[in-house]
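Analysis of the macromolecular model
Here are the chains, one letter per residue:
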Amino acid sequence: MWDAEVDVAIAGAGGCGLIAALAAADHRLEVAVFEKTDHVLGNTVASAGMIPAAGTSFQKEHGIYETAEEMAEDIFRKNKYESDPELTIALCKVSSQLVEWMSDRLKINLSLVKEFKYPGQRNYRMHAPPSRSGMELMRGLKRNITARSNIHLLLKSQVTKLITGKNGEVIGVEVKTTNGYQKIKANKVILATNGFGGNIDMVKRFIPEISDSLYFGYEANTGDGIKMAMAIGADVSNMGAYQGHSAVNQATGVLVTWGTVMMGGFMINENGIRFGDETKGYSEFAIEVMKQPNQLGYLIFDEEIYGKLISIEDFKYLDGVNAFKTSLTIEGLAEQLGVAETSLSDTFCAFQKNTNGQSDRYGRTDFPQKLEGPFYGIKVVPALFHTQGGVKINSNAQVMTEKNIIIKNLYAGGGAAVGISGNHAYGYMSGNGLLAALGLGKIAGEHAAKAIKKERIEA
Ligand SMILES: Cc1cc2nc3c(=O)[nH]c(=O)nc-3n(C[C@H](O)[C@H](O)[C@H](O)COP(=O)(O)OP(=O)(O)OC[C@H]3O[C@@H](n4cnc5c(N)ncnc54)[C@H](O)[C@@H]3O)c2cc1C
């Protein structure tokens, strides 16, 4: 019946799939990673490569000492305590091991991001490669995959079905290859196929509020893992959760960092008027932008902020293609952007009167600096980045049924699994995406490997 046999079969070669493969391969098992497309990219490449972690040596070098529980508390506050507490704590606990392992064992160059703090994070806790890009992160992972002879990476290989045994346990996968369908026997299967952002029917069904926006994630992420798991009885959870973003420059297709806002900038609509507390989070603010005329906005900031952000690769790219408009005066900037001069001037004057720590009319209290010319502006649109709801798992990343029974031999991570962002856009804290992808990849790969070893000893 079988075309091939491996210890661990992984569906999806994004961040989650590659980390899971490397974690399992460390236990000297034969691992196959099946990737639907002919590239190793996924959403992970599109990300800023920022991995949140608490208690790392990188933080300690900068005098930052924090616990997994403190990190979890920040996540809970952001998602209004909607995420699974056990899973959230498990991911925060694994976060420092993950970052240290990636740095020490996988030799991926990471450092603590100290340029700015993301909304809701009490400490600097993002760890990223020097370019702050997912591309560099994935390059490092791929280098490690290629160096291990016990990992087989198969492109143009779409996992289409989970194959189950007599008692409902998973015993392998069906894979669609360029040579037709193949049946792969596997002791454990890990679903790392991300969420359903690329499947408009699922987006309309589960998160209609963002279905009209641009989808800024990987087209191949069409909910395959979620559908395959559901077909064998898995439960799903928090399907309304997602990471939105308020600031994609549509002309270039490049993300504008929210550091522009967190360092003291603001957003206006095309009438030159602010319309909310930008600092509450770029994910939920996307819905506010969707409500504005022509569903767009303009980010406004100054030379000092520009100077601090120019080392970020995407920002540098935008600068290189003259995507930013600039002027010595706010009136001049209004003209450059094509927005009403008087209303932008009025908005700017009102904004400058705000005091750090005191709430403005929208509830924003964070005004770290007064803006000074030259001023910068850029036109942006909101977007759906990726979905955060998915297959229900326990804190070992094992897939569960509606009755909370483990589906034997099946794991899920990254966007394929339920994340730690609750059930709404507001629940997404920066870094939740990569933490769920890489953290659950590590948990799943290690748990699967240890379970195989144990079963072999017992057999
Ligand atoms: C623009 C952008 C910026 C972001 N920035 C950040 C950030 O800075 N920090 C952060 O934490 N998160 C960020 N995120 C979110 C983060 O990128 C994702 O949460 C994370 O990369 C998901 O990893 P993954 O492995 O689950 O999925 P992916 O990396 O998308 O990998 C999934 C892979 O599975 C493949 N696949 C799909 N179906 C099948 C199938 N049936 N068979 C085989 N293969 C299949 C896909 O082709 C894809 O290669 C960002 C997302 C975007 C879009």
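Computed from a predicted structure; not experimentally measured.

Each value, and the rule that gives it
- Residues numbered from 1 in each chain as written.
- Predicted model: local features only at pLDDT ≥ 70, side-chain atom pairs only at ≥ 80, totals over all residues.
- Heavy atoms only, no water.
- Helix = DSSP H or I, 4+ residues; strand = E, 2+ residues; numbered from the N terminus.
- Contact = heavy atoms within 4.5 Å.
- Areas by Shrake-Rupley, 256 points an atom, 1.4 Å probe, with all protein chains shown as cover.
- Lys, Arg positive; Asp, Glu negative; His and termini not counted.
- Charge placed at Lys NZ, Arg CZ, Asp CG, Glu CD.
- Near = heavy atom within 4 Å.
- Polar contact = N/O pair within 3.5 Å; in protein donor to acceptor, adjacent residues only side chain to side chain.
- Domains from an automatic or database assignment.
- Buried area = accessible area lost by both parts, 1.4 Å probe.
- Salt bridge = Lys/Arg side-chain N within 4 Å of Asp/Glu carboxyl O.
- Buried < 20%, exposed > 50% of the residue type's maximum accessible area, 1.4 Å probe, protein only.
- Disulfide = S-S within 2.5 Å.
- Pairing = 2+ DSSP bridges.
- Core = buried A, V, L, I, M, F, W, Y, C linked by side-chain atoms within 4.5 Å.
- Phe/Tyr/Trp six-rings, centres within 6.5 Å; stacked < 30°, edge-to-face > 60°.
- Lys NZ or Arg CZ within 6 Å of the ring centre and 35° of its normal.
- 1 Å grid on protein atoms, 1.4 Å probe; cavity = no way out; pocket = protein on both sides within 12 Å on 5 of 7 lines; lining within 4 Å.
- Points joined across faces, edges and corners; volume = space filled by probe spheres on them.
- Nonpolar A, V, L, I, M, F, W, Y, C, P; charged D, E, K, R; others polar.

The secondary structure content of the protein chain amounts to 15 helices and 20 strands. Oriented by its inertia axes, the alpha-carbon framework of the protein chain measures out at about 75 × 45 × 40 Å. For the protein chain, long-range pairs separated by at least 24 residues make up 73% of all intrachain contacts whose partners lie at least 6 apart in sequence. Looking at the protein chain as shown, the accessible area adds up to about 18,100 Å², and 48% of this sits on carbon and sulfur atoms. Charge centroids of the protein chain, computed over 47 positive and 50 negative side chains, lie 6 Å from each other.

This part covers the site of the ligand. Near the ligand there are 38 residues, and of these Glu35, Asn43, Thr44, Asn194 and Leu434 occur at the shortest range. One of the side-chain N or O atoms of Asp224 is found 2.8 Å from a nitrogen atom in the ligand. In this structure, an oxygen atom belonging to the ligand sits 2.6 Å away from a main-chain N or O atom of Leu434. Computed on the free molecule, the ligand has an accessible area of 1,000 Å², of which 98% lies beneath the protein chains in the complex.

Examined at the domain level, the protein chain breaks down into domain 1 (4-241 + 388-458) and domain 2 (242-384). Each partner contributes to the roughly 2,200 Å² buried at the junction of domain 1 and domain 2, and carbon and sulfur atoms together form 69% of this total. At the surface where domain 1 touches domain 2, the tally comes to nine residue pairs in polar contact (both at pLDDT 80 or more).

Time to look at the pattern of salt bridges. Overall, the coordinates contain 20 salt bridges when judged by the stated rule. One salt bridge in this structure joins Asp360 and Arg274, with 2.9 Å as the shortest N-O distance. Remark: Arg274 occurs in the loop between strand 14 (266-268) and helix 10 (282-290) and Asp360 occurs in the loop between helix 14 (341-352) and strand 17 (375-387); sequence separation between them is 86 residues. By the burial criterion, Asp360 is buried, and Arg274 matches it. Note that Glu304 is salt-bridged to Lys308, the shortest N-O span being 3.3 Å. Linking Glu304 with Lys308, this pair stays in helix 11 (residues 303-309), spanning four residues, or about one helical turn. A residue is classified by how much of its surface remains accessible, and Glu304, at 46% relative accessible area, is partly exposed. The class for Lys308 is partly exposed, based on a relative accessible area of 41%. If you follow the salt bridges from partner to partner, you end up with Glu66, Glu73, Asp74, Arg77, Arg122 and Arg125 in one network.

Taken as a whole and assessed by the stated rule, the structure comprises zero disulfides. With no disulfide of its own, Cys92 lies closest to Cys16 among cysteine sulfurs, the gap being 17 Å. Here Cys92 falls in the buried class, since its relative accessible area comes to 1%.

Reading across the sheet, the three strands line up as 3-5-4 and stay open at both edges, with antiparallel pairing between neighbours. Two strands close off the open sheet at either side, each with one partner strand: strand 3 (51-52) and strand 4 (111-112). As judged from the two bridges shared by strand 4 and strand 5 (residues 126-128), these two strands associate in the antiparallel manner. Considered in strand 5, the bridge of Ser111 is made with Ala128.

It is worth spelling out the nonpolar core at this point. As a rule of thumb, nonpolar side chains are buried together in soluble globular proteins. In terms of nonpolar packing, the biggest core is built from 99 residues, with Ile10, Val31, Ile51, Met102, Leu141, Val173 and Leu440 touching the most fellow members. With 12 residues, helix 15 (residues 432-458) is the largest single contributor of residues to this core. The residues touching Ile10, leaving out its near neighbours within four places in the chain, are Gly17, Ala20, Ala21, Val31, Ala32, Val33, Phe34, Ile190 and Ala192.

A separate point is the packing of aromatic side chains. Considering all chains together, one arrives at 17 aromatic pairs under this definition. Ring geometry for Phe315 versus Phe324: centroids 4.7 Å apart, planes at 40°, classification tilted. Under the relative-accessibility criterion, Phe324 is labelled buried at 8%. Among the aromatic residues, those joined into a ring-pair cluster are Tyr118, Trp258, Phe275, Tyr282 and Phe285. The cationic tip of Lys117 hangs over the ring face of Tyr124; the distance from NZ or CZ to the ring centre is 5.1 Å. A cation sits over an aromatic face here: Lys442 above Trp101, 5.1 Å from the ring centre.

Alignment of strand 1 (residues 4-11) against strand 9 (residues 180-191), held across seven bridges, turns out to be parallel. Counted as the bridge partner of Ala4 is Ile184 from strand 9. Bridge analysis of strand 8 (residues 170-177) against strand 9 gives six bridges, and the strand direction is antiparallel. The partner of Thr177 across the bridge, within strand 9, is Gly180. From the end of strand 8 to the start of strand 9, which pair antiparallel, there are two residues.

To find leftover empty space, one rolls a probe the size of a water molecule over the atoms. With the rule as written, the count across this model stands at one cavity of 30 Å³ or more. What the largest cavity holds in volume is close to 40 Å³. Every residue lining the largest cavity is listed: Lys78, Pro119, Gly281, Tyr282, Ser283, Tyr428 and Ser430. Residue composition of the lining of the largest cavity, grouped by class: three nonpolar, three polar and one charged. When residues of the lining of the largest cavity are assigned to domains, at least three fall in each of domain 1 (4-241 + 388-458) and domain 2 (242-384).

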